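If you want the building blocks of each chain, they are given just below.
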Amino acid sequence: MLKVDDVSVYYGHIHALKGVSLEIKEGEIVALIGSNGAGKTTLLNAISGMVKVSSGTIRFEGTDISNHKAQDVVKSGIIHCPEGRKVFGDLPVYENILAGALARKDKKKIKEEADAYMDRFERLKERRKQLAKTLSGGEQQMLAICRSLIGRPKILLLDEPSMGLSPTMVQEVFRIIQETNQEGITILLVEQNANLALKISNHAYVIESGLIVQSGISSDLLASDEIRKAYLGEA
Ligand SMILES: Nc1ncnc2c1ncn2[C@@H]1O[C@H](COP(=O)(O)OP(=O)(O)OP(=O)(O)O)[C@@H](O)[C@H]1O
Ligand SMILES: [Mg+2]
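Here the residue numbering is sequential within each chain, running from 1 through the sequence in written order. Just so you know, chain letters begin at A and ligand numbers begin at 1, following the order they were written in. Only residues with pLDDT of 70 or above have their local features reported here, since the model is predicted, and side-chain atom pairs are shown and tallied only from 80 upward, although totals for entire chains, interfaces and linings are computed over all residues. Side-chain metrics in this entry use all non-hydrogen atoms of the structure; hydrogen atoms and water are not considered.

Looking at the coordination of the magnesium ion (ligand 2)
The donor set covers N, O and S atoms within 2.8 Å of the metal, switching to 3.2 Å for Na, K and Ca, and it leaves out water, so a site may look short of donors. In the first shell of the magnesium ion (ligand 2), the protein supplies T41 (OG1) and E83 (OE), at 1.9 to 2.7 Å from the metal. With T41 in helix α1 (residues 40-47) and E83 in the loop between β6 (78-81) and α3 (93-99), this pair connects stretches of sequence that are 42 residues apart. Residue T41 is classed as partly exposed on the basis of its relative accessible area, which comes to 23%. The rule is simple: take the accessible area with a 1.4 Å probe, protein chains only, and divide by the maximum for that residue type; under 20% is buried, over 50% is exposed, in between is partly exposed. A relative accessible area of 28% places E83 in the partly exposed class. Every helix listed is a DSSP run of H or I at least four residues long, and every strand listed is a run of E at least two residues long, numbered separately from the N terminus.

Below is the structure:
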């Protein structure tokens, strides 16, 4: 469904991605793990058209989308839920959700769907009229995911959804990620919580200093001593 092939990205003279290749099949959850500054967000930004790719290609459903405009990438069905939540703080919860549907043409269904989402994300329902900036971190994360989902992604790019959340909230957010996938949405999940990311994903890639250093079936990576030492904090 999505094929990243030998992609390089530079920020000035910083070579942030050094020929990254990765593949996602329809219906999968693919995890991308790696330490701070490894290039995870850069890769998501390259896919969603937020940074320029200097070489290599990104193909989505057979079409080369490398360096397409971000708004065209969204229209093709790739939705990027960014790091750090980025909700519209001064808008109420409900309006934040509606904002995720701006690119959709079938305007009539949107309100119905927004209501249905509110029913599903219970915490949001109770806070429908509350300004997004007054939500807790976990609630903002749910709102950001909900806003992405109403855009009807074929692929959802999730950047560190568990960052800064309590263990209970992390469980809740991961449950929503799994449910979303079961409803047929393909997911590329960037996570520092390697343990959980490997548990819920089908395949995984490990990125270090702009290079993919390992990849495979997630359960195999989870069982690997090398991965356990480097990313799961085990001796
Ligand atoms: N706009 C930018 N200008 C210059 N350098 C940048 C820019 N964005 C990222 N970088 C650099 O590119 C490298 C990769 O950054 P990136 O944000 O992709 O890492 P990451 O894996 O997402 O890290 P984290 O886990 O901390 O979010 C880092 O060295 C970073 O400093
Ligand atoms: Mg990042």
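A closer look at the environment of I145
Along the chain, the position of I145 falls in helix α6 (residues 137-149). By relative accessible area, I145 is classed as buried at 2%. Linking I145 and V20, residues 125 residues apart in sequence, is a C-alpha distance of 26 Å. What makes two residues a contact is simply this: any of their non-hydrogen atoms within 4.5 Å. If sequence neighbours within four positions are ignored, I145 has contacts with C81, L158, V173 and I176.

A word on the environment of A101
Inspection of the secondary structure puts A101 in the loop between α3 and α4 (107-120). Leave out the neighbours within four places in its chain, and A101 touches K107, I110 and I150.

Re the sheet that holds strand β10 (residues 211-217)
What the 6 strands build is an open sheet, ordered β6-β7-β8-β3-β9-β10; its pairing is mixed. Edge positions in the open sheet fall to β6 and β10, since each of these has one partner strand only. On average, adjacent strands in this sheet sit at an angle of 15 degrees to one another, irrespective of strand direction. Sheet topology note: the strand β3 (residues 29-33)/strand β9 (residues 203-208) ladder contains 4 bridges and is parallel. From the neighbouring strand, A31 faces β9, where its bridge partner is A204. Axis angles are defined between N-to-C directions and span 0 to 180 degrees, where every axis is a line fitted to C-alpha atoms and, for a helix, only to the segment in contact. Sheet strands touched by α1: β3, β6, β7 (155-159), β8 (186-191) and β9. Its angle to β7, the strand with the most contacts, is close to 150 degrees. Taken strand by strand, helix α7 (residues 167-182) contacts β3, β7 and β8, and its axis lies near 155 degrees from that of β8. Two strands pair if DSSP finds at least two bridges between them.

Looking at the pairing of β8
Among the 6 residues in β8, 6 count as buried, and that is most of the element. A two-sided burial pattern is seen for β8, the buried positions comprising T186, L188 and V190 on one face and I187, L189 and E191 on the other. Pairing of β3 with β8, which is carried by 5 bridges, proceeds in the parallel orientation. Of the residues in β8, the one forming a bridge with L32 is V190. Two elements, β7 and β8, share 5 bridges in a ladder whose sense is parallel. Bridge assignment links I155 to a residue of β8, and that residue is T186. Note on handedness: a crossover is taken as right-handed if, strands pointing away from the viewer, the path from the first strand over the helix to the second is clockwise. Handedness of the β-α-β unit built from β7, α7 and β8 comes out right-handed.

Topic: the pattern of salt bridges
Each reported salt bridge corresponds to a side-chain nitrogen of Lys or Arg within 4 Å of a carboxyl oxygen of Asp or Glu. In total, this model carries 15 salt bridges according to the counting rule given. One salt bridge in this structure joins D106 and R104, with 2.9 Å as the shortest N-O distance. Given the relative accessible area of 28%, D106 is considered partly exposed. Overlapping salt bridges, with partners in common, bring together R120, E172, R175, E179 and E183 in one network.

Describing the site of ligand 1
Throughout, near means a residue has at least one heavy atom within 4 Å of the molecule or strand. Taken together, 14 residues are adjacent to ligand 1, and G37, K40, T41, T42 and E83 come closest. For ligand 1, an oxygen atom lies 2.5 Å from a polar atom in the side chain of T42. Among the elements of the structure, β2 (14-24) and α1 are those that each provide at least two residues to the shell around ligand 1. The element best represented in the shell around ligand 1 is α1, accounting for 3 residues. Tallied by class, residues from the shell around ligand 1 come to 4 nonpolar, 7 polar and 3 charged. Here a polar contact is recorded for every N or O atom pair within 3.5 Å, except that within protein the pair must consist of a potential hydrogen donor and a potential acceptor, and residues adjacent in sequence are included only if both atoms are side-chain atoms. Three classes are used: nonpolar for Ala, Val, Leu, Ile, Met, Phe, Trp, Tyr, Cys and Pro, charged for Asp, Glu, Lys and Arg, and polar for all others, with Gly counted as polar.

Nothing here speaks to function; it is geometry throughout.
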